[in-house]
Amino acid sequence: MPDRPVVNVFAHSCRERDGYSVENVALETMPGFYCTGNLYRPLAKGDAGELSQPGPGILCPHGHFRPWGRFRENHQIRCAHFARMGATVFSYSMVGWQDSTQTTHNDPLVLAIQTWNSMRALDFLAQLKQVDPLRLGITGASGGGTQTFFLAALDDRVRVSAPLVIVYPWTAPDGCLCEGGLPVMQATQTNAIELAASVAPRAQLIISVGAPDPTKDFPKFGFPFIQNVYEIHGRSDHAKLLHLATEKHDFGPSKRNAVYAFFAKHLQMSPRPEVSATITIETPEVMEVFSATHPHPAHAVQGSAEVAKAFAALSRPDSPVHGGE
């Protein structure tokens, strides 16, 4: 793995809302390359203007929900409510979506870059003084669910995860490169169910829905395998399934409520009812990090070729600079 120094942060336009704040934040995950997003925080408490004690940190990647991705209403509601529950939340764009414009979503390295972005986003949360690095989680739906179980499988700091409407026996990279590129997925060697099972014994809530969604048969053909892996670890109580046979491929209210309760239990938060009417739904223009008003830094790389060079140049422990051969 490449080295992971302290993350450089480009941030502006912090807004205070009802019980939480939102700030436009980009993380320099590679030299000259930025992961764009929004940081949601509980409003400060106490005489020092800070939280009375560190709280959880939660990543919220979005899926292929066009056209708005992280800007869509139900995504903003989820992030804001988590912040009201006491968590610091980073909502971030897939490569090539919204204000992530340095390369396209069809970049040959998109899976590697997005996974690296998730790892560096977790580094970013863990380095914040208002975050308890032992209480980290991630949740997303569809392509955001793929990012969820990829990161949880790779990084043991993820204590709780919830991938939605994505865990079923898909294998070969016949869809978006951000989910099956490089190729990570091999038709006869592994599948999404095995990758989700590899998160055991850490807490994981998996949500599936009915037809025509491909997760329609997950309770019968997927969850028993995952549950068995958790049982082998002696933590069958840490794997939970919610199957909503009449619901669709989304991250709607009933799904959000289940995730809130699961995260509250495993990240030691106080549950509270979601009141979406008091959450400010912001426009993309307000939420974007980079724009004509806030351009990329001068050293930012642009285009697939420059991004590939930045990725290849990441310093690794076995490289000559570290004394390797």
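This text follows the structure it describes.
Residues numbered from 1 in each chain as written. Predicted model: local features only at pLDDT ≥ 70, side-chain atom pairs only at ≥ 80, totals over all residues. Heavy atoms only, no water.

Visitor: Residue-level account of the nonpolar core, with values.
Guide: If you look at the biggest cluster of nonpolar residues, it comprises 57 residues, and the most contacted ones within it are Met30, Leu59, Phe90, Val167 and Ile226. If one sorts the elements of this core by residue count, helix α2 (residues 110-127) sits on top with ten residues. Those residues in contact with Val167, other than ones at most four positions away along the chain, are Phe149, Ala192, Ile193, Ala196, Ile206, Thr215, Phe218 and Ile226. Counting 35 residues, the second largest nonpolar core, distinct from the first, contains Tyr40, Phe82, Val209 and Phe251. (Core = buried A, V, L, I, M, F, W, Y, C linked by side-chain atoms within 4.5 Å. Buried < 20%, exposed > 50% of the residue type's maximum accessible area, 1.4 Å probe, protein only. Helix = DSSP H or I, 4+ residues; strand = E, 2+ residues; numbered from the N terminus. Contact = heavy atoms within 4.5 Å.)

Visitor: Hey, could you go over helix α7 (residues 223-232) for me, with residue numbers and the actual values?
Guide: An α-helix turns once per 3.6 residues; consequently, residues spaced three or four apart project the same way. Within α7 the residues assigned to the buried category are Phe223, Ile226, Val229 and Tyr230. Projected onto a plane normal to the axis of α7, the buried residues spread over an arc of 125° and lie on a single side. Backbone geometry just downstream of α7 places Gly234 in the positive-phi region, at approximately 75°. (Arc of directions from axis to C-beta.)

Visitor: I'd love a proper account of the sheet that holds strand β4 (residues 55-61), names of residues and values included.
Guide: Taken in spatial order, the nine strands make up an open sheet running β1-β2-β3-β5-β4-β6-β7-β8-β9, and their pairing is mixed. The open sheet has two free edges, formed respectively by β1 (8-16) and β9 (239-244), since each of these has just one partner strand. Sheet twist, expressed as the average angle between the axes of neighbouring strands with direction ignored, equals 20°. Across the sheet, α2 lies against β1, β2 (20-30), β3 (33-42), β4, β5 (88-92), β6 (131-141) and β7 (158-164), angled at about 125° from β2, the strand it touches most. Against the sheet, helix α8 (residues 253-266) contacts β4, β6, β7, β8 (203-209) and β9, and its axis sits at roughly 170° relative to β8. (Pairing = 2+ DSSP bridges. Axes fitted to C-alpha atoms, helices over the stretch in contact; angles between N-to-C directions.)

Visitor: How would you sum up the packing of helix α1 (residues 73-84) against α8? Please name residues and give values.
Guide: Between α1 and α8, whose axes approach to 11 Å, the crossing angle comes to 25°. With respect to α8, the axis of α1 lies roughly parallel. The way α1 lies across α8 gives a crossing that is right-handed. Where α1 abuts α8, its residues Asn74, Ile77, Arg78, His81 and Phe82 lie against Arg256, Val259, Tyr260 and Phe263. Across the contact of α1 with α8, the residue classes tally to five nonpolar, two polar and two charged. (Parallel < 35°, antiparallel > 145°, perpendicular 65-115°, else oblique. Left-handed = near helix turned anticlockwise from the far one by under 90°. Nonpolar A, V, L, I, M, F, W, Y, C, P; charged D, E, K, R; others polar.)

Visitor: Lay out the packing of α2 against helix α3 (residues 143-154) in plain terms, naming residues and giving numbers.
Guide: At their nearest, the axes of α2 and α3 sit 10 Å apart, and the two run at 65° to each other. Viewed along their axes, α2 and α3 form a crossing whose handedness is right-handed. Listed contacts from α3 to Leu111, Gln114, Thr115, Ser118, Met119 and Leu122 of α2 are Gln147, Phe150, Leu151 and Leu154. Partitioning the contact of α2 with α3 into residue classes produces six nonpolar, four polar and no charged.

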